[in-house]
Amino acid sequence: MLFTSRTIKTLTAVALLAAVGFTTQAFAGEDDIKYRKATMKAVGGHMTAISTILKTDAGRPGDIALHANAMADLAKISAHVFPEGSSKMDGETEATMAIWEKPEDFKKVTMAFIAESEKLAQVAGSGDKAAIGAQLGALGKNACKACHDDFREKK
Ligand code: HEC
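Let me begin by describing the structure that accompanies this report. Just so it is clear, the structure is predicted and the values come from calculations on it, not from any experiment.

**As for the site of the ligand**
Taken together, the neighbourhood of the ligand is formed by 21 residues, with Met40, Thr93, Cys144, Cys147 and His148 sitting nearest. Between the ligand and Glu94, the relevant distance is 2.8 Å, taken from an oxygen atom to a main-chain nitrogen or oxygen of the residue. Mapped by element, the contributors of at least two residues to the shell around the ligand are α1 (5-55), α4 (103-124) and α5 (129-151). The class makeup of the residues in the shell around the ligand is twelve nonpolar, four polar and five charged.

Given below as structure tokens:
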């Protein structure tokens, strides 16, 4: 006989291991997507918090620097929340394929995000609401909008 029952058992075990490995990978992509969405949600939260403080009497002026510093840190994190294997082939995501197809263009907007949020963190401590508002606008235009236009699926 070509296949002994022992061989068949071994083959089955190998096939099972391969299947488990594959499943783990599929879940890993979903975890990466979950982490990315949570990170972006936090970015959105700080953005709304800052603009609310600027436009209303809510919060305390000193809070702006805390939100801006957190945003600058999150911008750096954003540089590594788009790993291979976290596209719409791997789970529920609004990230477009262009992220992985045009890595140089994507890197440019990520660098703009880091630079603009760093500038925001610098002016945030000044208490100068006009200057902070202007930089918040620049961040929104050159980072959030610039990236979402090309790399986030429109609803
Ligand atoms: C370098 C590209 C990039 C930059 C810069 C960027 N985003 Fe995003 N953002 C994305 C992508 C891609 C998604 C979709 C993520 C997904 O569904 O996996 C997203 C999703 C979001 C979401 C939805 C998160 C959720 O609940 O699923 C919010 C809110 C958000 N971004 C806010 C912002 C704000 C505010 C800024 C600027 C301060 C910003 N983003 C800058 C690429 C970017």
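**Topic: the nonpolar core**
Residues Ile50, Ile64, Phe113, Leu120, Leu136 and Leu139 are the most contacted members of the largest nonpolar core, which totals 20 residues. Looking at this core, the elements with two or more residues in it are α1, α2 (63-78), α4 and α5. Per-element tally for this core: the top contributor is α2, with six residues. Not counting chain neighbours up to four residues away, the residues in contact with Leu136 comprise Met47, Ile50, Ser51, Leu54 and Leu120.

Criteria and thresholds
- Residues numbered from 1 in each chain as written.
- Predicted model: local features only at pLDDT ≥ 70, side-chain atom pairs only at ≥ 80, totals over all residues.
- Heavy atoms only, no water.
- Near = heavy atom within 4 Å.
- Polar contact = N/O pair within 3.5 Å; in protein donor to acceptor, adjacent residues only side chain to side chain.
- Helix = DSSP H or I, 4+ residues; strand = E, 2+ residues; numbered from the N terminus.
- Nonpolar A, V, L, I, M, F, W, Y, C, P; charged D, E, K, R; others polar.
- Core = buried A, V, L, I, M, F, W, Y, C linked by side-chain atoms within 4.5 Å.
- Buried < 20%, exposed > 50% of the residue type's maximum accessible area, 1.4 Å probe, protein only.
- Contact = heavy atoms within 4.5 Å.

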